[in-house]
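The lines below spell out each chain.
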Amino acid sequence: KAGVTQTPRYLIKTRGQQVTLSCSPISGHRSVSWYQQTPGQGLQFLFEYFSETQRNKGNFPGRFSGRQFSNSRSEMNVSTLELGDSALYLCASSLASGRKLYGYTFGSGTRLTVV
Amino acid sequence: DQQVKQNSPSLSVQEGRISILNCDYTNSMFDYFLWYKKYPAEGPTFLISISSIKDKNEDGRFTVFLNKSAKHLSLHIVPSQPGDSAVYFCAAGSGADGLTFGKGTHLIIQP
């Protein structure tokens, strides 16, 4: 079965612009989580959506937002881009919300570069 | 403040030997722990997990040990194979919160 699909794979944006990233989870998975990976901070949790509702949020400014659609696809938006937003953005899906003892399935990520 | 720490940025091990990757955590609320493996240009892949009620979990060549009193966990890979060369992330979770990841250890398996 198809894995987690993230589009686009690569993106270059200018400081001050906004960007929208997309994630299609594994079929049947209703939980989608977003993570930011940078060399200095590692993988950091952004937020989780389940059944179109945000369930959890990490420690990121309000410029970072997301949403989930009825088909479980999710989008992440970053407004007023800053140079420090350059990172690999990873989406992960799982069957349910709650404890992730069986892990997530991650997509390959979207590499965002802000210039 | 880093709640999950992987103090070795890299580790080199000979093929066939045991690889031991370490991870320390500070938050006593974490109640489960996971290891992920990541190749370049791919997302992390789930390897193995352990609940805080256990002290060991084994899956094939991979074993995770948890020492709650020391707030320390380790991943043992035996025997190490060339395909094990990757970056390994330790992660911890509490209830329904998002996972907290360490910064990773780059494991290099030498022939």
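**Here we look at the overall build of chain A**
Point 1. A tally of helices and strands in chain A yields 0 helices and 11 strands.
Point 2. Ordering the α and β elements of chain A from the N terminus gives β-β-β-β-β-β-β-β-β-β-β.
Point 3. Relative to its length of 115 residues, chain A is compact, with a C-alpha radius of gyration of 13 Å against a globular reference of 13 Å.
Point 4. Taken along its principal axes, the extent of the C-alpha atoms in chain A is 35 × 25 × 25 Å.
Point 5. Among the 115 residues that make up chain A, the fraction classed as buried is 51%.

**Some remarks on the state of the cysteines**
Point 1. Applying the stated rule across the entire model yields 2 disulfides over all chains.
Point 2. Between the sulfur atoms of Cys 23 of chain A and its disulfide mate Cys 91 of chain A the distance is 1.7 Å. Sign of the S-S torsion, about -55° for the bond between Cys 23 of chain A and Cys 91 of chain A, identifies this disulfide as left-handed. Of this pair, Cys 23 of chain A sits in strand E3 (residues 19-24) while Cys 91 of chain A sits in strand E9 (residues 87-94), placing them 68 residues apart in sequence. Accessibility assignment for this pair places Cys 23 of chain A and Cys 91 of chain A in one class, buried.
Point 3. Residue Cys 23 of chain B pairs covalently with Cys 90 of chain B via a disulfide, S to S 2.0 Å.

**Focus on the nonpolar core**
Nonpolar side chains in soluble globular proteins generally cluster together in the buried interior.
Point 1. Counting 23 residues, the largest nonpolar core has Phe 33, Trp 35, Leu 73, Leu 75 and Tyr 88 of chain B as its most contacted members.
Point 2. Of all the secondary structure elements, the ones that give two or more residues to this core are strand E3 (19-25), strand E4 (32-38), strand E5 (45-51), strand E7 (62-67), strand E8 (72-77), strand E9 (86-93) and strand E11 (105-110) of chain B.
Point 3. With 4 residues, E9 of chain B is the largest single contributor of residues to this core.
Point 4. Excluding its chain neighbours within four sequence positions, the residues that come into contact with Leu 73 of chain B are Leu 21, Asn 22, Cys 23, Tyr 25, Phe 33, Trp 35, Val 64, Phe 65, Leu 66 and Cys 90 of chain B.
Point 5. With 21 residues, the next largest nonpolar core counts Tyr 49, Phe 60, Ala 87 and Cys 91 of chain A among its residues.

**Here's the deal with the sheet that holds strand E7 (residues 64-68) of chain A**
Residue and element names in this part refer to chain A.
Point 1. Pairing within the open sheet is antiparallel, and its 4 strands lie in the order E1-E3-E8-E7. Of all the strands in the sheet, just strand E1 (5-7) and E7 have a single pairing partner and so form its edges. Strand-to-strand twist in this sheet, taken as the mean axis angle between neighbours without regard to direction, amounts to 20°.
Point 2. Note that E3 and strand E8 (residues 74-78) share 5 bridges and pair antiparallel. The residue bridging Leu 21 from the neighbouring strand is Met 76, located in E8.

**Observations regarding the layout of surface pockets**
Point 1. Its volume calculated, the largest pocket comes out at about 570 Å³.
Point 2. The wall of the largest pocket is formed by 23 residues, among which Gln 44 and Phe 45 of chain A together with Gln 3, Leu 99 and Thr 100 of chain B lie closest to the centre.
Point 3. Those elements giving two or more residues to the lining of the largest pocket turn out to be strand E5 (42-50) and strand E6 (53-57) of chain A together with strand E10 (100-101) of chain B.
Point 4. With 3 residues, the single largest contributor to the lining of the largest pocket is E5 of chain A.
Point 5. Looking at the lining of the largest pocket residue by residue, the class counts come to 8 nonpolar, 11 polar and 4 charged.
Point 6. Here the second largest pocket defines a volume of roughly 260 Å³.
Point 7. Around the second largest pocket, the lining is made up of 15 residues, and of these Gln 37, Leu 88 and Arg 111 of chain A together with Lys 38 and Ala 41 of chain B lie nearest the centre.
Point 8. A per-class count over the lining of the second largest pocket returns 5 nonpolar, 5 polar and 5 charged.

Cut-offs and rules
- Residues numbered from 1 in each chain as written.
- Chains lettered and ligands numbered in written order.
- Predicted model: local features only at pLDDT ≥ 70, side-chain atom pairs only at ≥ 80, totals over all residues.
- Heavy atoms only, no water.
- Helix = DSSP H or I, 4+ residues; strand = E, 2+ residues; numbered from the N terminus.
- Rg over C-alpha atoms; globule rule 2.2 N^0.38 Å.
- Buried < 20%, exposed > 50% of the residue type's maximum accessible area, 1.4 Å probe, protein only.
- Disulfide = S-S within 2.5 Å.
- Core = buried A, V, L, I, M, F, W, Y, C linked by side-chain atoms within 4.5 Å.
- Contact = heavy atoms within 4.5 Å.
- Pairing = 2+ DSSP bridges.
- Axes fitted to C-alpha atoms, helices over the stretch in contact; angles between N-to-C directions.
- 1 Å grid on protein atoms, 1.4 Å probe; cavity = no way out; pocket = protein on both sides within 12 Å on 5 of 7 lines; lining within 4 Å.
- Points joined across faces, edges and corners; volume = space filled by probe spheres on them.
- Nonpolar A, V, L, I, M, F, W, Y, C, P; charged D, E, K, R; others polar.

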